[in-house]
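Secondary and tertiary structure notes
Spelled out from the first residue to the last, the chains are:
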Amino acid sequence: MNRRRFLGTLGTLGAGAATLSLWPGISAAATGADTRLLVLLLRGGLDGLHALPPHGDPAYARLRGPLALAPDGAQAAWKLDGTFALHPQLAFAAQLYGRGEFMPVAAAAPPYWGRSHFDAQDCVENGTDAPHGAQSGWLNRAVAAMPGVEGLAVAAVMPLIMRGTASVETWSPPLPQHVDPVLLQRLEPLYGDDPHLAAAFAQALGNQGAGMDEAADAGMQMGETGMSMKPGAQAAASDDRMAAKALARGRLPALMKSAGGMMAAAGGARIAFVEDYGWDTHANQAAILVRKLKELDDAYSAFHDAIGPAWGKTVVVTVTEFGRTAAINGTGGTDHGTGAALFLAGGAVHGGRVGGQWPGMAPGELYQQRDIHATTDLRAVFKGVLAGHLGLSDAVLAEKVFPGSARLARYDGLLRA
Amino acid sequence: MNGASALTAGSALNRFGLGARAGEAAALGDPLAWLQQQARAPADAPQLAGLPRSVDYMAREADFLERRRKLKSDAATTAKDAPAAANDPQRTLYLDLFGEDLRREYLARWQIAAETNTPFAERLVRFWSNHFAVSTDKITAALYAAPLEREAIRPHVNGRFADLLLAVEAHPAMLRYLDQVRSIGPDSRAARYFALHQPEADEDMPPLRGLNENLAREILELHTLGAGSGYTQDDVTEFARALTGWSMPGPRQLQRGETFDSAYLYRPQAHQPGVRTILGKHYADEGEQQARAVLADLAVHPATAQHLALKLARHFVADEPSPELVRRMARAYLDSQGQLPALYQALLHAPEAWAPTARKFRTPQDFVVAGMRAGGVPVGPRPRAWEGVLVRLGQPTFQPRSPAGYSDIASDWIAPDALWKRVQVAEALSEHVPRQGLDPQALAHAVLGPRLDAQTQQALARAEAPQQAVAILFAAPAFQWRT
């Protein structure tokens, strides 16, 4: 059992504190320049109500039914304040929160509220108020505004957010060994209809878990049915083994560890981008997010350890393209929504609190009677980080990085003074 | 484009070509004319410009062997008992001398596959390359595998089969791979000489002992008549005798400073004297010409016509093509005195070739190439990465496990683990598809045309990101078939 798992499984504060004390938070202001920014985009629509459950909202438990999480009981969420908690798998994040190095912002969204994955991701990346509003990405334009700085995109091809005139390097690991479980889920019915391939494909899915004791030791939920397309509560053992294998191979921690390594040195990358997939949870959400949020938590931890002392002058911004419906749907999941949670992490973050304005979940408070009403424009947060952490001026932010956003105030106070 | 012609265009690009690229179907014009155009000229490719000739490799190989010998004797005197070095110096030397050339050879092949505008001609090149398979498993043939395709196959892919056959059998890759260079006539002058002067054993040049039937057998069984077509062991032995003398310059000749303008060398002193009888026909002893005459007859033998027609129909139409189609193709071939374009024309004009049921399962190489073409994936400078993908999928370039080449039958490629790896590769490939202007739904329509089924469309529509949609497209059953 590795250390990260140990922390994640037991959530022991003592052990966590020992890790954290290696890199005591040093404020960005204290170190002057050479600050670090990493943007992590979770594609597919992370359910903010699941990662950051508003346990104190009177409407939450009723709307969420079996998906609801509470800061007590057997699967206790990490209580942050009277309204919010963090998902039980976000143990490392909760410890960062305790140190004041983690800050969720509730009910945030890009200016596009149309619920299309592709358009919403485009809008998050291009930095304007609409999909296809620009051919370049706002993070590239931020790099361009900082002479001598080079960007890093942890991706095989340049993602829109890093596309543009500024110099950005792409890096990606060799062939991924894992298979995205959502991809398998989409493929299974297609193969089921091809008489020549159906049997072999079904067997392939069954074989994948053979001998996956290591994953079983890691304590995954054997009832996870994220990949099981069979109706009914009992998934076949083979599907469980496959789930186990996929779970053991999460790619995000490895990518974040690599990013941290490339940002650690004095001359390392200052502005980086990492992306992840698999957050679109229309069914079996509870089980899928146990796996995915564990990956996310491991990713924070791997990055923290890899970047070393530079953690103190780092901000990691984790965003998604939209939140999900306030109510659970008929398949144990949620559908495309609007307001979502975003997370700031890093030694330079003025955390230990939940940001944003909570609009509430009562019927009259929901957007179109179904989604969390977004009260924070993602760009306001980005502006706050770019201004306070990287020193970009309001004029540059309003004209170059987020064109047409002069009237959108930056979100201040995100960073340590 | 109406439904029928869209189907035809899709088949031209996917089943006869290497996989449709975005926009290609719409720009195709008449699919039949487009294919016929490609079956007329030698298959040339600018990506191959500047690559060394086999004869160049051969000269440098002699240099390599000399330097390796020195390395070995140094090692023997200085470090007899030392453990094996972490970096094998012989391997390092080989890579120093040939690594960059091998990279360029493989890179060019990948670039051609991904970029060609004549994908039917290129598929024919690959078909014949697999028909005349050599494998880099045979170390001594490894340098010449890519040149075999460039030098022997491409120039003749749309010409006479007899010319193709001759160019291949006299190529250093085949001479080495099937041990022809080691074959000498038992009654030749060389054999008599070696009986009196047994040369010192030498790893680079073991002593010649006599007849080697390997090439003769595989020419009959794989390259021309086909297994079970009626030739006997006597025919094999007689043909092997006729082939004696077909060889290459030896490393010592090159090290002595002799120069050659071809990597093929006929050695009259190794030739078995006498008349040969093969398939009931007598061939006078005209030295090198004896085996040439045999090859010329084999090329236009009815069994060869049947064998080639079956393999070609199997490659383009169905695993078990109709005997009637094969018979018609074989007839056209024989009527034309062994012209390959006649064989191709008979195929292209066959109704079976355009039947809705005609389809083939993509081999791993086809699958990866089709994904690269569909997604516009850049090949990049490192072919080794793509070769690694093919190794995992079980079809590395120029490395079949036998002289029969890679299988062309779906059941040999459809296995649980193989499909699983395809999904992994689909996902990896999708991550290399340029995202600018990427519209996966439109891309799926462009490359699959009317073969894009509703269920796959729905899966694409539900993807959570364009990259994932492309992964679904590449991994979908519809993409595994050449329809």
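What follows covers the overall build of chain A. The helix and strand inventory of chain A stands at 16 helices and 10 strands. Every one of the 417 residues in chain A was classed for burial, and the buried ones make up 60%. Counted over contacts in chain A with a minimum sequence separation of 6, partners at least 24 positions apart contribute 72%. With an accessible surface of roughly 14700 Å², chain A has 55% of that area assigned to carbon and sulfur atoms.

Residue and element names in this part refer to chain A. Across the sheet, which stays open at both edges, the eight strands sit in the order β6-β5-β7-β1-β8-β9-β4-β10 with mixed pairing between neighbours. Whereas interior strands pair on both sides, the edge strands pair on one side only; in this sheet they are β6 (168-171) and β10 (376-377). With four bridges connecting them, strand β5 (residues 151-154) and strand β7 (residues 271-276) associate as parallel partners. Within the sheet, the bridge partner assigned to V154 lies in β7 and is V274. Contacts from helix α13 (residues 252-264) reach β1 (36-42), β5, β6, β7 and β8 (314-320), with the element oriented near 165° to β1.

So, on to the pattern of salt bridges. Using the criterion set out here, one finds 47 salt bridges over all chains in the structure. Here A:D412 and A:R410 are joined by a salt bridge, their closest N and O atoms 2.6 Å apart. When its relative accessible area of 33% is taken as the criterion, A:R410 is described as partly exposed. Between B:R217 and B:E213 there is a salt bridge; the shortest N-O distance is 3.0 Å. On the basis of relative accessible area, B:E213 is assigned to the partly exposed category, the value being 22%. Residues joined by salt bridges that share partners form a network here, namely A:R43, A:E125, A:E275 and B:R435.

Our focus in this paragraph is the nonpolar core. Residue and element names in this part refer to chain B. Ranked by internal contacts, the top residues of the largest apolar core, which has 158 residues, are W128, F161, F239 and V368. Broken down by element, this core gets its largest block of residues, eight residues, from helix α4 (residues 89-115). Leave out the neighbours within four places in its chain, and W128 touches I153, V157, F161, L164, L308, L340 and Y344.

Now for the confidence of the model for chain A. All names here are of chain A. For chain A, the mean per-residue pLDDT works out to 83, and 80% of the residues sit at or above 70. Every residue in residues 1-32 scores below 50 in pLDDT, and together they form 55 contacts with partners more than four places removed in sequence or on other chains. In the model, residues 209-249 has pLDDT below 50 throughout and makes 57 contacts with residues more than four positions away in sequence or in other chains.

The partner chain A presents 46 residues to the 38 residues of chain B that form the contact. For the chain B and chain A pair, buried surface summed over both sides reaches about 3700 Å², with 61% attributable to carbon and sulfur atoms. When the area that chain B buries against chain A is broken down by residue, the three leading residues are B:W420, B:R435 and B:E464, summing to 22%. Across the chain B-chain A interface, the total number found is one salt bridge. For B:R435, the salt bridge is made with A:E275, and the minimal N-O distance between the two is 2.7 Å.

Moving on to the environment of A:I161. Mapped onto the secondary structure, A:I161 falls in the loop between β5 and β6. Linking A:I161 and A:V124, residues 37 residues apart in sequence, is a C-alpha distance of 7.9 Å.

On to the packing of helix α14 (residues 302-316) of chain B against helix α16 (residues 340-348) of chain B, then. Axis angle and axis distance: for two packed helices, these are the angle between their axes and the distance between the axes, and together they describe the pair. Residues and elements named next belong to chain B. Packing of α14 against α16 leaves a shortest axis separation of 11 Å and a crossing angle of 45°. Relative to α16, the element α14 lies oblique. Pair α14 / α16 crosses with right-handed handedness. Counting all contacts with α14, which are made through L308, A309, L312 and F316, the residues of α16 involved are L343, Y344 and L347. Here the residues of the contact of α14 with α16 sort into seven nonpolar, no polar and no charged.

Within the structure shown, the criterion is met by 30 aromatic pairs over all chains. Relative to A:Y300, the ring of A:F102 has its centre 5.8 Å away and its plane inclined at 75°; by these criteria the two rings are edge-to-face. Pair noted here: A:F102 is in strand β4 (residues 102-109) and A:Y300 is in helix α14 (residues 285-307), with a separation of 198 residues, a long-range link. Looking at A:Y300, the relative accessible area reads 2%, which means it is buried. Relative to B:F479, the ring of B:F367 has its centre 6.5 Å away and its plane inclined at 75°; by these criteria the two rings are edge-to-face. Linking B:F367 in helix α17 (residues 364-375) with B:F479 in helix α23 (residues 477-480), this pair joins segments that are 112 residues apart in sequence.

Here the focus is the side chain of A:S405. Relative to the elements of secondary structure, A:S405 occurs in the segment after α16 (394-401). If we ignore the near neighbours within four places in the chain, the residues touching A:S405 are A:R379, A:K383, A:L397 and A:A398.

Residue and element names in this part refer to chain B. The tally for this structure, following the rule as stated, stands at 10 cavities of 30 Å³ or more. What lines the second largest cavity is a set of 15 residues, among which L48, R109, I112, E149 and R154 lie closest to the centre. Within the residue set of the lining of the second largest cavity, elements represented by two or more residues are α4, α5 (119-131) and α6 (145-153). Residue contributions to the lining of the second largest cavity peak at five residues, all from α4. When grouped by side-chain class, the residues that make up the lining of the second largest cavity number eight nonpolar, no polar and seven charged.

Here is what the cut-offs are and how they apply
Residues numbered from 1 in each chain as written. Chains lettered and ligands numbered in written order. Predicted model: local features only at pLDDT ≥ 70, side-chain atom pairs only at ≥ 80, totals over all residues. Heavy atoms only, no water. Helix = DSSP H or I, 4+ residues; strand = E, 2+ residues; numbered from the N terminus. Buried < 20%, exposed > 50% of the residue type's maximum accessible area, 1.4 Å probe, protein only. Contact = heavy atoms within 4.5 Å. Areas by Shrake-Rupley, 256 points an atom, 1.4 Å probe, with all protein chains shown as cover. Pairing = 2+ DSSP bridges. Axes fitted to C-alpha atoms, helices over the stretch in contact; angles between N-to-C directions. Salt bridge = Lys/Arg side-chain N within 4 Å of Asp/Glu carboxyl O. Core = buried A, V, L, I, M, F, W, Y, C linked by side-chain atoms within 4.5 Å. pLDDT = per-residue confidence, 0-100. Buried area = accessible area lost by both parts, 1.4 Å probe. Parallel < 35°, antiparallel > 145°, perpendicular 65-115°, else oblique. Left-handed = near helix turned anticlockwise from the far one by under 90°. Nonpolar A, V, L, I, M, F, W, Y, C, P; charged D, E, K, R; others polar. Phe/Tyr/Trp six-rings, centres within 6.5 Å; stacked < 30°, edge-to-face > 60°. 1 Å grid on protein atoms, 1.4 Å probe; cavity = no way out; pocket = protein on both sides within 12 Å on 5 of 7 lines; lining within 4 Å. Points joined across faces, edges and corners; volume = space filled by probe spheres on them.

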